Structure formats: C-alpha cells, structure tokens
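Close look at the chain arrangement
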Amino acid sequence: MSQMGKRRNNGLSNPQQVLNKARELYSQGRYGEALECHLWFHHNAIEHQPSLSAVRLSFALLAWAELASVFPPAKEALIEIRDQITQLLAVHPSFAMFQEVAALNEVLQEEAKTGIAFLALQHTHPQIARYCYDIAEKGLLSCQAVEVCSSYIPDSLARFTTIRSNRRLMLSYNPDEGEQEVAYRDVVETRYAEDAVRLINILLFNGRSADAEQIKELAIFETPSKNAREIISSASGKHTLDGRLEHFGG
C-alpha cells in the first residue's frame, strides 16, 4: 500500500467526506492533497463503510482518473496499485481482487489487460474465472475473444438480470444532492447501457438474434434515461470480424 494511503484522512469523519474533499481539492488545483484523499478512500473506505464498495470501484475511480489526467503522480499511483493487485491475483486469485483489477484497468483505458488476466485465470482457476466473467467481458472483447464470451452466456436472460441488478445497486447510492448526484446517475445509466449493448452484440455476433431482441426490449424498458435508451437502440450487430471491436466499443 502506498504510504499516502496509510495517512490519516485529515480529520474528516467518514469516507464520503473524504471523497467529497478530494473533488473539492481537485477543483482548487491542490492536486497532491486530492491524491492523498483518493488513496485514503481507496484503501480504507470499505473498512469504515461497506456500502461504499460499488462506489469505490466506479464513481471514486472516475474522479481519481480525472485528477490523473492533469496530475501525473495520480496516474502513477493508479498504475502502481493496479500492478500490485494484478500480481496478487496471479498467486491468490479471488473475485474481489479481479474486480479491482478490472476497474483499475478500465479507468486507465487498458481493458485488454483485464482480458489477458481473465484468460490466465481461466487456465489456472476455471471455477473462479466463471464467477469473474461478467466483469471481464469488456476486456475479453478488447482481446477479440468474442467466442469465449458467448461460451459464458448459456442463459442470456440471466446475464441481463445481472446487468440490471448492478444498475439498481449503483442507483441505490445517492451522493450529495445537486450536480454531483446528476453526474453520478448519468455515469450509472451510461455504464448500464454499454453493458447491455455488449451483451446484445455478443448474442448477435454468435447468431442468437432472438435472444438479442428480447434483451434489447428489456434493457430499454428498464431505464428512463433517454441517452441510455438511444445507446441500447443502436445495438445492431452489423459488423465484420475485423471491425467488431469498434462496434462493441470494447
């Protein structure tokens, strides 16, 4: 763990306050202090408030990545943590560890590394890999492993149910009211739509058009977000093998 991650949280009383403080410091240009808050939150938030587990690997990492785009040490810290967890995953694999690796690779825009990690896990620990498939899907598409994806989706409705449940779980968390809440909901709805589109396109690519149409209807019905509905409606499966990555958005 980074030494900064071990420091006290500047006297703040709960993880949510630390996360809010990180964004405040970022807006003030106090990037080093903002990084300390992100590190503390990432390493300690769940211990203090388990309900923040989903936020820790989504909204919080997105805020950290925003900081990393203007402050190189923040990106270096993300990479350091990702590499440490990836090494541990190879020795003592677990769902939680793989989930963290996937989330870090996503904000670093290196999803193919998640696919590579999954394929290795599938070889050494197939049972654990089966539990990790849902969060490995985007990375597998980045590795052009579309057929592998289909092999993990014997029941497309069950896969969609997981996607829908993740959306509802994420929306059960409400950050402070105002612009932050709106931004959070937009992120959740967009991620939900992208997950649904990947599922639909995997099904279409593998000739499962009836399943794909059913999932598209259910996915659109689930969300009131106009943007999310438009994203889901765009899924068509009209792609060539060589062009599938652009189509999948993987």
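For the structure, see preceding data.
A few points on the structure.

Criteria and cut-off values
- Residues numbered from 1 in each chain as written.
- Predicted model: local features only at pLDDT ≥ 70, side-chain atom pairs only at ≥ 80, totals over all residues.
- Heavy atoms only, no water.
- Helix = DSSP H or I, 4+ residues; strand = E, 2+ residues; numbered from the N terminus.
- Buried < 20%, exposed > 50% of the residue type's maximum accessible area, 1.4 Å probe, protein only.
- Contact = heavy atoms within 4.5 Å.
- Areas by Shrake-Rupley, 256 points an atom, 1.4 Å probe, with all protein chains shown as cover.
- Axes fitted to C-alpha atoms, helices over the stretch in contact; angles between N-to-C directions.
- Parallel < 35°, antiparallel > 145°, perpendicular 65-115°, else oblique.
- Left-handed = near helix turned anticlockwise from the far one by under 90°.
- Nonpolar A, V, L, I, M, F, W, Y, C, P; charged D, E, K, R; others polar.

Attention now moves to the overall build of the protein chain. Counting its regular elements, the protein chain contains 15 helices and 0 strands. Across the 250 residues in the protein chain, those meeting the buried criterion constitute 44%. In the protein chain, once contacts between residues fewer than 6 apart in sequence are set aside, the share between residues at least 24 apart is 64%. When the accessible surface of the protein chain is split by element, carbon and sulfur atoms take 51% of a total near 12600 Å².

The next thing to look at is the packing of helix α2 (residues 15–27) against helix α3 (residues 31–48). Any two packed helices are characterised by the angle at which their axes cross and by the distance between the axes. The contact between α2 and α3 brings their axes to 8 Å, and the two run at 160 degrees. The pairing of α2 with α3 is recorded here as roughly antiparallel in orientation. The hand of the α2/α3 crossing is left-handed. Residues P15, V18, L19, K21, A22, L25 and Y26 of α2 lie in contact with α3, whose contacting residues are Y31, E33, A34, C37, H38, W40, F41, A45 and H48. Counted by class, the contact of α2 with α3 contains 12 nonpolar, 2 polar and 2 charged residues.

Let us now look at unusual backbone geometry. A positive phi angle is found at Q109, which is not glycine, with a value near 60 degrees. Note that Q109 resides in the loop between α7 (95–107) and α8 (111–124). Phi at Q144 takes a positive value of approximately 60 degrees, unusual for a residue other than glycine. Turning to its location among the elements, Q144 is positioned in the loop between α9 (126–142) and α10 (146–151). Taking the relative accessible area as the measure of exposure, Q144 reaches 41% and is therefore partly exposed.

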